[in-house]
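Residues per chain are reported as follows:
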Number of protein chains: 2
Amino acid sequence: MAKEKKLVEAITSMEEDFAQWYTDVVKKAELTDYTSVKGCMVIKPAGYAIWENIQSELDRRFKETGVQNVYLPMFIPESLLQMEKDHVEGFAPEVAWVTQGGMAPLQEKLCVRPTSETLFCDFYKNEIHSYRDLPKVYNQWCSVVRWEKETRPFLRSREFLWQEGHTAHATAEEAEARTVQMLNVYADFCEEFLAVPVVRGQKTEKEKFAGAEATYTIEALMHDGKALQSGTSHNFGDGFAKAFGIQYADKDNQLRHVHQTSWGMTTRMIGAIIMVHGDDSGLVLPPKVAPLQVMVIPIQMHKEGVTEKAQELQERLKKVCRVNIDVTDKSPGWKFAEQEMRGIPLRIELGPKDIEENQCVVVRRDTREKITVSLEEVEERIPVLLEQMQKEMFERAKAHRDAHIWDAHDYEEFKETAETKPGFIRGMWCGDQACEDRIKEELAVTSRCLPFHDKEQISDKCVCCGRPAHKLVYWGKAY
Amino acid sequence: MAKEKKLVEAITSMEEDFAQWYTDVVKKAELTDYTSVKGCMVIKPAGYAIWENIQSELDRRFKETGVQNVYLPMFIPESLLQMEKDHVEGFAPEVAWVTQGGMAPLQEKLCVRPTSETLFCDFYKNEIHSYRDLPKVYNQWCSVVRWEKETRPFLRSREFLWQEGHTAHATAEEAEARTVQMLNVYADFCEEFLAVPVVRGQKTEKEKFAGAEATYTIEALMHDGKALQSGTSHNFGDGFAKAFGIQYADKDNQLRHVHQTSWGMTTRMIGAIIMVHGDDSGLVLPPKVAPLQVMVIPIQMHKEGVTEKAQELQERLKKVCRVNIDVTDKSPGWKFAEQEMRGIPLRIELGPKDIEENQCVVVRRDTREKITVSLEEVEERIPVLLEQMQKEMFERAKAHRDAHIWDAHDYEEFKETAETKPGFIRGMWCGDQACEDRIKEELAVTSRCLPFHDKEQISDKCVCCGRPAHKLVYWGKAY
């Protein structure tokens, strides 16, 4: 009973304390656990199953665009990390160093990869000789380490799981096209699979990746109005190629440097799912990413035939969705609360009266709507309900996001918005990093992106300094 | 043309130099590459695709037995590694140590996991309170690090990919049953999916895992007569539970220690596939594990309609197998050699004459048998041919293995067999480790296992010391 109690105990309300609500959900939905290794987490079965679904769907989408998977070492020799100067400056302060192997000190210390651009360059240098060897469109699924000071489950941890794609192309145009293509793969994946709407855009010079010529990003808005950078795609031009000497002979036998890209998405997307869709009863999983989509809960199990009928129902549903049945000796109330905490999209209640009337009651996790369904029609109705729920979850998240985009025309208005209205702030920017720096310092607001699609000129003056400005920026407080 | 040449260049014959042949195949089938990180390899697309198939099939088999996947940190604090004394003695000499995180030295050094028993124990200690929390049957897919001195691609590297299952049970019987169950999952997987026959058995005290009460193993025989330990499953009893204090309250509210197991299989299985099935033309992949099962090669592509017809054939075959087509401008001879080097199970040759006669020629990679198949029947015939090839590859490997098992009755015979006849040697053993030590030292032969099924008493005397012996052991030189 101790375990039941723990699950059903009220969690902190999200309006009261969003950060605590997040921590409560992560813990009570049994997604992660703390460990003896500071800043690192255990991803428990309920959390890892979400990651497995993310992986398999994203991997499928990658492969449709010609991506091949590989695996590179987790260690980077110090000399290799130092080959590209912006890159090493960006990452060296936050890496973990291996200095001893076996019983002996290492001759050269190795960092545990924080990202693998330098390793891929070292690899491509040997692999690429001719235009025939291009393009290379490789990806790896692995964990990386960044020695963060403050950590939170999924959002920021010293070790996290991700995929990192690294490509090499003959021309600048091809590299740019691949950079945009992968950002769109991420955006479509987020919107279609996770029901998380995103803004697609470009990072400013200040916010771009260490060593990149351009960084593209998708930015999602969490329920509390904070932004979450959800996937990035970088165009490196030929900067790394020059630093590492990655050249190919073109058709005229001229040596040229390759153009490269990289792009990544991480376990932090599980954090996005929680903070976009969750509510005061716990997790709410979009049906497509939910490891378990339907929980059958028999009511009055002691009555003859109820359990059998419920099991029969589960068996039938196995063909059309991911379904389980709860036949433990807990009360229906406990079972409902558990199913809600875990975010299982639909529950099916089936009691003696329902059986008499040849029906069951389906309850949607997101709206709590109760739908009576004839037992003859469950196989058709459940997939339709799951699809409808997926679609409506996206629309609701989008409406919430759109209702939290504010325009600011001068610093006064910008400041007031930042202090009182959670969400994205649209504001013009002159392009001077000094303005970005001031906004970050004074208001803890950062430039999220220069959007691709929404290029409306809401004013002709910089929201910070008042000088002429042509660039629309989405600003926000971010995780 | 440079690339073609590299592929088709003759490789070292396996009879001449098996080790060099292995290195050549790994390189020319483009499975791995060397890196700037000593002892670590890049697994290239052709190699990683094999691992993906191994993963997905093994994971499916695990889940059928109730396994759930999780992810634990890659770091182990020194104090945690030291909790179980046999375990730390076994692993401490070969771990890599992180001593610096970010810009500061760590207060306590962290080893990069060589295996995760200690982390799982630390996790289970917090997760397990009551008999209701049992069993825990968790697994993780990850990489591990062991600071080996001599390394070879797939067989022994400083970092390798694997899965490690870790379970906790209420009783010793249940733990023992799970240990055996997982060994059988491995054995069936090897035989059914990789077409690699294995001997199932128990390791001696000397060869068992550091900290285990019993280690079960599957041992495969490579083409050169050397053994390869291919998967192990360990029963820890309650040793780790006592060291870590993992207790549960039973139904009578008595505190009891859990009983634990662990089991792992690694990327070294790719080495096993190479060394069991390969030949002097390169890799030979069993159809089930082959990323690509069929390569269509059009002959006389310049003739009208040939390429189109071949593409049409490929399209039709996509529904029944993993198929590709080679329409590059290389000669058919080059294409054949490439397909053979890469171990693609079947190639289909289709030229103008074949088209006239409404047929194609299917060539099996293993036997080189040429089979003429009517174009109307390819969808039915190809899957049958793949299945037949899978079956015959297993039978051939088993016949080769069985033809390389020798009996030895005394030390003289044992020594001569070890020196002249590659393969397993069956010999009785008194149970004294001194005999194992002597055999290892003098003959470089180790006890592979005490077999589960083959318990024939081929003599009543120890093959080493001549004292009374009741234990049959499979001995061998091993990778």
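All figures in this text were calculated on a predicted structure; none of them were measured in a lab.

Enquirer: Quick question: what am I supposed to make of the interface of chain B and chain A here?
Expert: A common way to state how big an interface is: give the accessible area lost once the parts meet. The interface is formed by 56 residues belonging to chain B together with 56 residues belonging to chain A. Counting the surface chain B buries against chain A, the share from its top three residues, B:P45, B:Y71 and B:W147, is 14%. Of the charged contacts, one joins B:K63 and A:E52 as a salt bridge, the two residues approaching to 3.0 Å between their closest N and O atoms. Among the elements that make up the side of chain B that touches chain A, the one with the highest residue count is strand β5 (residues 96–101) of chain B (six residues). Of the residues assigned to the side of chain B that touches chain A, the class counts are 32 nonpolar, ten polar and 14 charged. The sheet contact formed by strand β5 (residues 96–101) of chain A and β5(B) spans five bridges and is antiparallel. Considered in β5(B), the bridge of A:V98 is made with B:V98.

Enquirer: Just to check I follow, could you spell out the relation of the copies chain B and chain A for this structure?
Expert: A rotation about an axis combined with a shift along that same axis relates the two copies of the chain. Expressed as a screw operation, the relation of chain B to chain A combines 0.0 Å of axial shift with a rotation of 180°, fitting to an RMSD of 0.0 Å. Taken together, the rotation angle and the small translation identify this as a two-fold axis. When C-alpha positions in chain B are compared against the rotation axis, the closest is assigned to B:V98, at 2.1 Å.

Enquirer: Please clarify how the packing of aromatic side chains should be interpreted in this entry.
Expert: What describes a pair of aromatic rings is the distance from one ring centre to the other and the angle between the planes of the rings. Evaluation of the coordinates by the stated rule reveals 38 aromatic pairs over all chains. Between A:F123 and A:Y124 the ring centres are 5.7 Å apart and the planes differ by 20°, which places this aromatic pair in the stacked class. Measuring from ring centre to ring centre gives 5.9 Å for B:Y124 and B:Y138, while their planes differ by 40°; the resulting arrangement is tilted. Taken together, the residues B:Y124 in helix α6 (residues 117–127) and B:Y138 in strand β7 (residues 136–145) connect sequence positions 14 residues apart. Of the aromatic side chains, those joined through ring pairs into one cluster are A:W51, A:F62, A:W141, A:Y186 and A:W263. A cation over an aromatic ring shows up here: A:R347 above the ring of A:F336, its NZ or CZ 3.9 Å from the ring centre. Above the plane of the ring of B:Y479 lies B:K226, whose end atom (NZ or CZ) is 4.7 Å from the centre.

Enquirer: Help me understand the confidence of the model for chain A, please; the structure alone is not making it clear to me.
Expert: Interpretation of this model should avoid reading the predicted coordinates in detail wherever pLDDT is low. Residues and elements named next belong to chain A. Overall, the prediction assigns chain A a mean pLDDT of 96, with 98% of residues at 70 or greater. The low-confidence segment residues 1–6 (pLDDT under 50) makes nine contacts with residues lying over four places distant or belonging to another chain. What the predictor reports for the complex is a pTM of 0.96 with an ipTM of 0.95.

Enquirer: What exactly am I supposed to notice about helix α7 (residues 172–193) of chain A here?
Expert: Along an α-helix, residues three or four positions apart point the same way, because every turn accommodates 3.6 residues. All names here are of chain A. With 22 residues, α7 should reach 32 Å at 1.5 Å per residue; the first-to-last C-alpha distance of 31 Å fits that figure. Of all the residues in α7, the buried ones are A175, R178, T179, M182, L183, V185, Y186, A187, F189, C190 and F193. Looking one or two residues past α7, A195 carries a phi angle of roughly 55°, positive in sign.

Enquirer: Whenever I open this one, unusual backbone geometry confuses me. Can you help?
Expert: Glycine aside, residues mostly have negative phi angles, and peptide bonds mostly take the trans form. Residue A:P135 is reached from A:L134 by a cis peptide bond, and omega for that bond is -5°. Mapped onto the elements, A:P135 comes out in the loop between α6 (117–127) and β7 (136–145). The backbone phi angle of B:E30 is positive, close to 60°, even though this residue is not glycine. By secondary structure assignment, the location of B:E30 is in the loop between α2 (18–28) and β1 (32–34).

Enquirer: Which parts of the structure should I look at to understand the sheet that holds strand β19 (residues 370–374) of chain A?
Expert: Note: strands within a sheet are paired through backbone hydrogen bonds, in either parallel or antiparallel orientation. Residue and element names in this part refer to chain A. Taking strand neighbours across the sheet as the criterion, the five strands line up as β16-β15-β17-β18-β19 in an open arrangement whose pairing is mixed. The open sheet terminates on both sides in strands that have one partner only, identified here as β16 (323–325) and β19. Averaged over all adjacent pairs, the angle separating strand axes in this sheet is 25°, with direction ignored. Two strands pair when backbone bridges link them, and strand β18 (residues 359–364) and β19 are joined in this way by five bridges, in the antiparallel orientation. Counterpart to C360 in the pairing with β19 is V373. Helix α13 (residues 378–402) rests against β15 (294–298), β17 (346–350), β18 and β19 of the sheet, and its axis sits at about 15° to β18.

Enquirer: Where do I start with the packing of helix α10 (residues 306–317) of chain A against α13(A) in this structure?
Expert: The angle between the axes and the distance between the axes are what describe a pair of packed helices. Residues and elements named next belong to chain A. Where α10 contacts α13, the axes come no closer than 10 Å and their chain directions differ by 65°. Seen along the crossing, α10 lies across α13 with a hand that is right-handed. Side by side, α10 and α13 meet where L313, R316 and L317 of the first sit next to V378, E379 and I382 of the second. A per-class count over the contact of α10 with α13 returns four nonpolar, no polar and two charged.

Enquirer: Explanation requested: the sheet that holds strand β14 (residues 259–266) of chain A in the structure shown.
Expert: Residues and elements named next belong to chain A. The sheet built from eleven strands is open, its strands ordered β3-β7-β8-β14-β11-β10-β9-β22-β23-β21-β20 with mixed pairing. Each edge of the open sheet carries a strand with a single partner, namely β3 (68–69) and β20 (405–407). Judged from the two bridges that link them, β3 and β7 form a sheet pairing that is parallel. Considered in β7, the bridge of Q68 is made with Y138. Against the sheet, α7 makes contact with β7, β8 (159–169), β9 (198–202), β10 (214–221), β11 (227–237) and β14, and its axis sits at roughly 10° relative to β14, the strand it touches most. Relative to the sheet, helix α14 (residues 411–420) contacts β20, β21 (424–429) and β23 (471–476), its axis offset from that of β21 by approximately 160°.

Enquirer: Help me out: how do you make sense of the pairing of strand β17 (residues 346–350) of chain B in this one?
Expert: The side chains of a regular strand alternate, residue by residue, between the two faces of the sheet. All names here are of chain B. For β17, a buried count of five out of five residues is recorded, marking the element as mostly surrounded by other parts of the structure. A two-sided burial pattern is seen for β17, the buried positions comprising L346, I348 and L350 on one face and R347 and E349 on the other. Two strands pair when backbone bridges link them, and strand β15 (residues 294–298) and β17 are joined in this way by five bridges, in the parallel orientation. Residue pairing for β17: P298 is matched across the bridge by L350.

Enquirer: Even after reading the chapter, I still don't get the environment of B:G225, so can you show me in this structure?
Expert: Residues and elements named next belong to chain B. Here G225 is to be found in the loop between β10 (214–221) and β11 (227–237). The class for G225 is buried, based on a relative accessible area of 5%. Between the alpha carbons of G225 and G476 there is a distance of 8.4 Å; along the sequence they are 251 residues apart. Apart from residues lying up to four places away in sequence, G225 is in contact with P422 and G423.

Enquirer: Explanation requested: the nonpolar core in the structure shown.
Expert: Where a protein is soluble and globular, its nonpolar side chains tend to be buried together. If you look at the biggest cluster of nonpolar residues, it comprises 203 residues, and the most contacted ones within it are A:I54, A:F75, B:I54 and B:F75. Once residues lying within four places of it in the same chain are set aside, the contact partners of A:F75 are A:V98, A:L110, A:C111, A:V112, A:L119, B:V37, B:C40, B:V112, B:V145 and B:W147.

Enquirer: Would you take a moment to explain the pattern of salt bridges for this structure?
Expert: Once the charged atoms of two side chains with opposite charge are near each other, the side chains can pair. In this structure the tally under the stated criterion is 85 salt bridges over all chains. The partner of B:D238 in a salt bridge is B:K242, with the nearest N and O atoms 3.4 Å apart. The exposed category is assigned to B:K242, whose relative accessible area is 52%. Of the charged contacts in the structure, one is a salt bridge between B:R365 and B:D279, with a shortest N-O distance of 2.7 Å. Of this pair, B:R365 sits in the loop between β18 (359–364) and β19 (370–374) while B:D279 sits in the loop between α9 (268–277) and β15, and the two are 86 residues apart along the sequence. Given a relative accessible area of 16%, B:D279 falls into the buried group. When salt bridges that share partners are traced, they join A:D279, A:E340, A:R347, A:E349, A:R365 and A:R368 into one network.

Enquirer: Quick question: what am I supposed to make of the packing of helix α3 (residues 45–64) of chain A against helix α9 (residues 268–277) of chain A here?
Expert: Residue and element names in this part refer to chain A. With their axes 10 Å apart at the nearest point, α3 and α9 run at an angle of 105° to one another. The angle between α3 and α9 falls in the class roughly perpendicular. Counting all contacts with α3, which are made through G47, I50, W51 and I54, the residues of α9 involved are M269, I270 and I273. Residue composition of the contact of α3 with α9, by class: six nonpolar, one polar and no charged.

Conventions adopted
Throughout this document, residue positions are counted from 1 along each chain, in the order its sequence is written. The order in which chains are written sets their letters, starting at A; the order in which ligands are written sets their numbers, starting at 1. It should be noted that, the model being predicted, local features are given only for residues of pLDDT at least 70 and side-chain atom pairs only at 80 or more, the latter also being counted only at that level, while totals for whole chains, interfaces and linings use all residues. Heavy atoms throughout the structure, all of them, feed into the side-chain values; hydrogens and water do not. What makes two residues a contact is simply this: any of their non-hydrogen atoms within 4.5 Å. Here the quantity called buried area is the accessible surface, traced with a 1.4 Å probe, that two parts lose on coming together, added over both. The salt bridge criterion pairs a side-chain nitrogen of Lys or Arg with a carboxyl oxygen of Asp or Glu, the two atoms within 4 Å. In DSSP terms, a helix is any run of H or I states spanning at least four residues, a strand is any run of E spanning at least two, and both are numbered starting from the N terminus. Under the scheme applied, nonpolar residues are Ala, Val, Leu, Ile, Met, Phe, Trp, Tyr, Cys and Pro; charged residues are Asp, Glu, Lys and Arg; polar residues are all the others, including Gly. DSSP calls a pair of strands paired once it identifies at least 2 bridges connecting them. Alignment of copies: least-squares fit on C-alpha atoms of residues with pLDDT of at least 70 in both copies. Under the pairing criterion, centres of Phe, Tyr and Trp rings, with the six-membered ring standing for Trp, must be within 6.5 Å; the plane angle then separates stacked pairs below 30 degrees from edge-to-face pairs above 60, leaving the rest tilted. Sitting over a ring, as applied to charges here, requires NZ of Lys or CZ of Arg to be within 6 Å of the ring centre and within 35 degrees of the ring normal. A residue's pLDDT is simply how confident the predictor is in it, with values from 0 to 100. Expected helix span is computed as 1.5 Å times (number of residues minus one). Each residue's exposure class comes from its accessible area (1.4 Å probe, protein chains only) as a fraction of the maximum for that residue type: buried when under 20%, exposed when over 50%, partly exposed otherwise. Note on method: axes are straight lines fitted to C-alpha atoms, helices fitted across the in-contact stretch only, with angles between N-to-C directions ranging 0 to 180 degrees. Helix crossings fall into two classes, left-handed where the near helix is turned counterclockwise from the far one by less than a right angle and right-handed where it is turned clockwise. Side-chain atoms within 4.5 Å are what join buried Ala, Val, Leu, Ile, Met, Phe, Trp, Tyr and Cys residues into a set we call a nonpolar core. Comment on the angle field: the value is read as roughly parallel under 35 degrees, roughly antiparallel over 145, roughly perpendicular from 65 to 115, and oblique elsewhere.

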